[in-house]
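# Structural description and commentary
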Amino acid sequence: MPDAKLQSVLSSLSQVARQFDALPSKSTAPDDSYIKLNKNENPFSLPTVVMRSAISALERQYLYPEDDNLSLRDAAANAYGLSRDQVIAGNGSSELLGLIYRAFLAPNDSVAMMSPGFSFNRKLAMLQGARILDIGWSETYSLPMERLLRGPAKDAKFILLANPNNPTGTFVPVADIECLVTQSDRLIVLDEAYVDFAPDNALRLIERHSNLFILRTFSKSYAAAGIRVGFGLGHPEVIGRLRNIQNVFNMNVIGHAIGISILSQCAAYEENHRYIKHERQRVSVALSQLGFSVIPSHANFLLARVPLGRNGSWWLTCLESRKILVAVFPEKGLENCIRVSIGTRSQMDAFVAAVREISRSVMHEHVGC
Ligand SMILES: Cc1ncc(COP(=O)(O)O)c(C=O)c1O
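These numbers come from a predicted model, not from an experiment.

## What to know about the UniProt feature "domain: Aminotransferase class I/classII large" (unreviewed entry) in the chain
- Per the UniProt record, the feature "domain: Aminotransferase class I/classII large" (unreviewed entry) sits at residues 34–354.
- Secondary structure within residues 34–354 divides into 37% helix and 16% strand; the distance between the first and last C-alpha atoms comes to 13 Å.

## Digging into the pairing of strand 5 (residues 158–162)
- Among the five residues that make up strand 5, five are buried, leaving the element largely enclosed by the rest of the structure.
- Side chains F158, L160 and A162 of strand 5 all project onto a buried face; the interleaved residues I159 and L161 project onto the opposite face, where all are buried too.
- Strand direction decides the pairing type here: strand 3 (residues 110–115) and strand 5, joined by three bridges, are parallel. Looking at strand 5, one finds that M113 is bridged to L160.
- Both strand 5 and strand 6 (residues 187–191) contribute to a ladder of five bridges, which runs parallel. Note that in strand 6 the partner of L161 across the bridge is L190.
- Traced from strand 5 through helix 7 (residues 174–183) to strand 6, the parallel crossover comes out right-handed.

## A few points about the packing of aromatic side chains
- Evaluation of the coordinates by the stated rule reveals 11 aromatic pairs.
- The interplanar angle of 80 degrees and the centroid separation of 5.1 Å between the aromatic rings of Y194 and F301 together place this pair among those described as edge-to-face. Within this pair, whereas Y194 is found in the loop between strand 6 and strand 7 (212–217), its partner F301 is found in strand 10 (residues 301–305), the two being separated by 107 residues in sequence.
- Overall, F301 belongs to the buried group, its relative accessible area being 0%.
- Consider the rings of F218 and F231, whose centres lie 5.4 Å apart with planes at 75 degrees: the pair is edge-to-face.

## A closer look at the pattern of salt bridges
- One pass over the structure, following the stated rule, counts 15 salt bridges.
- Among the salt bridges present, the one from E192 reaches R216, with a minimum N-O distance of 2.9 Å. Here E192, found in the loop between strand 6 and strand 7, pairs with R216, found in strand 7; they are 24 residues apart in sequence, far enough to count as distant. Neither E192 nor R216 differs from the other in exposure class; each is buried.
- As a salt-bridge pair, D200 and R204 come within 2.9 Å of each other at their nearest N and O atoms.

## Side note on the UniProt feature "modified residue: N6-(pyridoxal phosphate)lysine" (unreviewed entry) in the chain
- Those residues carrying the UniProt feature "modified residue: N6-(pyridoxal phosphate)lysine" (unreviewed entry) are K220 in this numbering.
- A polar contact of 3.3 Å, which involves the side chain of K220, links it to the backbone oxygen of K39.

## Some details on the domain arrangement of the chain
- Along its sequence, the chain is organised into domain 1 (26–45 + 269–362) and domain 2 (48–264).
- On a C-alpha basis, the centres of domain 1 and domain 2 stand 26 Å from each other.
- Taken residue by residue, the interface counts 22 residues in domain 1 and 23 residues in domain 2.
- Each partner contributes to the roughly 1800 Å² buried at the junction of domain 1 and domain 2, and carbon and sulfur atoms together form 61% of this total.
- The largest per-residue losses of area from domain 1 upon contact with domain 2 belong to Y269, H273 and H298, which jointly make up 32% of the total buried on that side.
- Inspection of the domain 1/domain 2 interface yields zero salt bridges.

## Concerning helix 3 (residues 70–80)
- For helix 3, the set of buried residues is L72, R73, A75, A76, A77 and Y80.
- Looking at the packing, one finds that the buried side of helix 3 touches strand 2 (87–90), strand 7, strand 8 (230–233), helix 8 (236–244) and helix 9 (253–264).
- Positive phi shows up at G81, right after helix 3, with a value of about 70 degrees.

## Section: the packing of helix 4 (residues 93–104) against helix 8
- At their nearest, the axes of helix 4 and helix 8 sit 9 Å apart, and the two run at 95 degrees to each other. Relative to helix 8, helix 4 is oriented roughly perpendicular. On helix 8, the residues that touch L99, I100, A103 and F104 of helix 4 are V238, R241 and L242.
- For the contact of helix 4 with helix 8, a count of residues per class yields six nonpolar, no polar and one charged.

Reading the values: the criteria
- Residues numbered from 1 in each chain as written.
- Predicted model: local features only at pLDDT ≥ 70, side-chain atom pairs only at ≥ 80, totals over all residues.
- Heavy atoms only, no water.
- UniProt positions renumbered as here; feature names shortened; annotations may be inferred.
- Helix = DSSP H or I, 4+ residues; strand = E, 2+ residues; numbered from the N terminus.
- Buried < 20%, exposed > 50% of the residue type's maximum accessible area, 1.4 Å probe, protein only.
- Pairing = 2+ DSSP bridges.
- Right-handed = clockwise from strand over helix to strand, strands pointing away.
- Phe/Tyr/Trp six-rings, centres within 6.5 Å; stacked < 30°, edge-to-face > 60°.
- Salt bridge = Lys/Arg side-chain N within 4 Å of Asp/Glu carboxyl O.
- Polar contact = N/O pair within 3.5 Å; in protein donor to acceptor, adjacent residues only side chain to side chain.
- Domains from an automatic or database assignment.
- Contact = heavy atoms within 4.5 Å.
- Buried area = accessible area lost by both parts, 1.4 Å probe.
- Axes fitted to C-alpha atoms, helices over the stretch in contact; angles between N-to-C directions.
- Parallel < 35°, antiparallel > 145°, perpendicular 65-115°, else oblique.
- Nonpolar A, V, L, I, M, F, W, Y, C, P; charged D, E, K, R; others polar.

Below you can see the structure in the form of structure tokens.
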């Protein structure tokens, strides 16, 4: 039944959110019978001591979380060799990405983004009425320095890239990042969500370059996606502007406790990171043997071009019918790719077995899978 009053109330409001009406709605939440390899989660338990810190934090459930995330920021500053005013803590790094767009962009401004990249940025730019200038990766997935420094990106308010990049998994040497940061007069937002699976990181550049802002998250390499802990690291003045517009009590007491505890337990994750890198290689080889073309990855996922004849969405549907979830992307050039996160050994065995079975059905020219 159309509600005339509601329609009139809605049309009297700003239409900013209207532009998202056309975006595809989310599918229903998958139950536990699915193997979830579509969001780059890290499917292992937290170390026992981290878990205990969360349980004892529950005893403080009646208190608001600490103002300005002070203890968590101190712990991060200590772990990363920075001062507290060089650190902002977020409800996941996506909260901090949102703050960057709100703090630094006005309508009609532009952001230069290495593309393909993390698609959430498009939504954030749209919300600000700003434009994303897609800067394509070079064929070898290195930075197109000329285009970033002298093309239309020159006028962008900031340059955004993820290293390792999502969804390609590719990694740019830190020396190239430093070259960009040195030569550019823009803010460089470097999203290091997957950096613990990579050979290097850009933390050491922070002290030398005031225009570098780094994002980190505990969602991927620290198995805490559901807890929502992320950090922004950069110059105190940049950090200060973001903190000025941040929600009070943006995190909760469990996030604080787990974040502080993880920062003191980084060594406990070494085995996890070793396992993921090893498994990534094993699955990459298995997929290659089945005719996929896999981009060498430095993250906890693989982007694989599917064998000729079918596209990524076809494989997604076939895998989904076997209760395995992977990701596909609408961007031009990625239609024939699937992205698969590295899960537990048994999850990856099930994934490879399903791909093998589907490949066989393709070879025997079955229409469906
Ligand atoms: C490149 C990149 N940045 C940021 C995020 C968001 O992470 P968080 O869970 O910290 O919000 C993701 C999540 O997939 C990502 O791929």
